[in-house]
Amino acid sequence: MTTSPLPWLPIPSSLDAGPEPAPGDELTDKERAGLQLAAAAGERAAAWVRELARRQPVEMHGRVLELTAEAIEQTCTREIIPGNDADLTAELRYRLDGSMLLGATNLETVPELTGGERIALAAVAALALAMPGTALTRYDRELPHLAQVMDDAVAAGRAAQPGQ
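Reading the values: the criteria
Residues numbered from 1 in each chain as written. Predicted model: local features only at pLDDT ≥ 70, side-chain atom pairs only at ≥ 80, totals over all residues. Heavy atoms only, no water. Helix = DSSP H or I, 4+ residues; strand = E, 2+ residues; numbered from the N terminus. Buried < 20%, exposed > 50% of the residue type's maximum accessible area, 1.4 Å probe, protein only. Polar contact = N/O pair within 3.5 Å; in protein donor to acceptor, adjacent residues only side chain to side chain. Contact = heavy atoms within 4.5 Å. Core = buried A, V, L, I, M, F, W, Y, C linked by side-chain atoms within 4.5 Å. Salt bridge = Lys/Arg side-chain N within 4 Å of Asp/Glu carboxyl O.

(A) Up close: the side chain of Thr-75. Examined against the element boundaries, Thr-75 turns out to sit in helix α3 (residues 59-76). The buried category is assigned to Thr-75, whose relative accessible area is 0%. Within the structure, Thr-75 has its side chain in polar contact with the backbone oxygen of Ile-72 (distance 3.2 Å). A polar contact is formed between the side chain of Thr-75 and the backbone oxygen of Ala-128, at a distance of 3.3 Å. Residues within four places of Thr-75 in sequence aside, it is in contact with Ile-80, Leu-88, Leu-92, Leu-96, Ala-128, Met-131 and Pro-132.

Quick look at the structure:
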């Protein structure tokens, strides 16, 4: 697999809004780049999940997917913070634990997704859960790899759309 170079993206404002780092704890350029790649991949993945949500004929299933998109964005941006203990809230874990594949719990139906979309959605959710747990000071190595795999999962999901 070849990775295409991604453009240099601005750090999301949520990353800049945290407390000032202690002296010696500043991020390196490579670490900042890793954070940027993760945030951008999360935003692209969330946009794809929102497309899936809009396509749902059952509004409640669409809402579950919209909540999943929000959780993907949050775990790929605000939750990847230097010094963060990577302990996600129960609500974020729940939104990404695979339940989005079942949709709203009080319905007899599940979201209308192709098999490939379900697999890609599960992969994206798992990657979003993994990003905040990257080893501290390894953002430069781990996040670009996870971001690329997330982009690959989204591409596979898009290719599995009906009519493709």
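(B) Region of interest: the nonpolar core. Formed by 35 residues in total, the largest nonpolar core has its most connected members in Trp-48, Ile-72, Val-124, Met-131 and Met-150. Sorting the residues of this core by element identifies α2 (29-54), α3, α5 (115-130) and α6 (139-159) as the ones contributing at least two each. For this core, the element with the most residues is α2, which contributes 10 residues. When residues no more than four places from it in sequence are discounted, the contact partners of Val-124 are Ala-45, Trp-48, Ile-72, Met-150, Ala-153 and Val-154.

(C) Just the environment of Arg-141, in detail. Structurally, Arg-141 is set in helix α6. Separated by 111 residues in the primary sequence, Arg-141 and Lys-30 place their C-alpha atoms 8.5 Å from one another. Side-chain polar atoms of Arg-141 contact the side chain of Glu-142, separated by 3.2 Å.

(D) Molecular detail of the environment of Arg-54. Tracing the backbone through its elements, the reader meets Arg-54 in helix α2. We classify Arg-54 as exposed; its relative accessible area is 62%. Put simply, Arg-54 and Glu-66 are 12 residues apart on the chain and 8.6 Å apart in space, counted from C-alpha to C-alpha.

(E) How the structure looks around the pattern of salt bridges. The full count for this structure, using the stated rule, is nine salt bridges. Residue Asp-151 pairs with Arg-44 through a salt bridge whose shortest N-O separation is 2.8 Å. Highlighted residues: Asp-151 in helix α6 and Arg-44 in helix α2, separated in sequence by 107 residues. In this structure Asp-151 comes out as buried when scored by relative accessible area, which is 16%.

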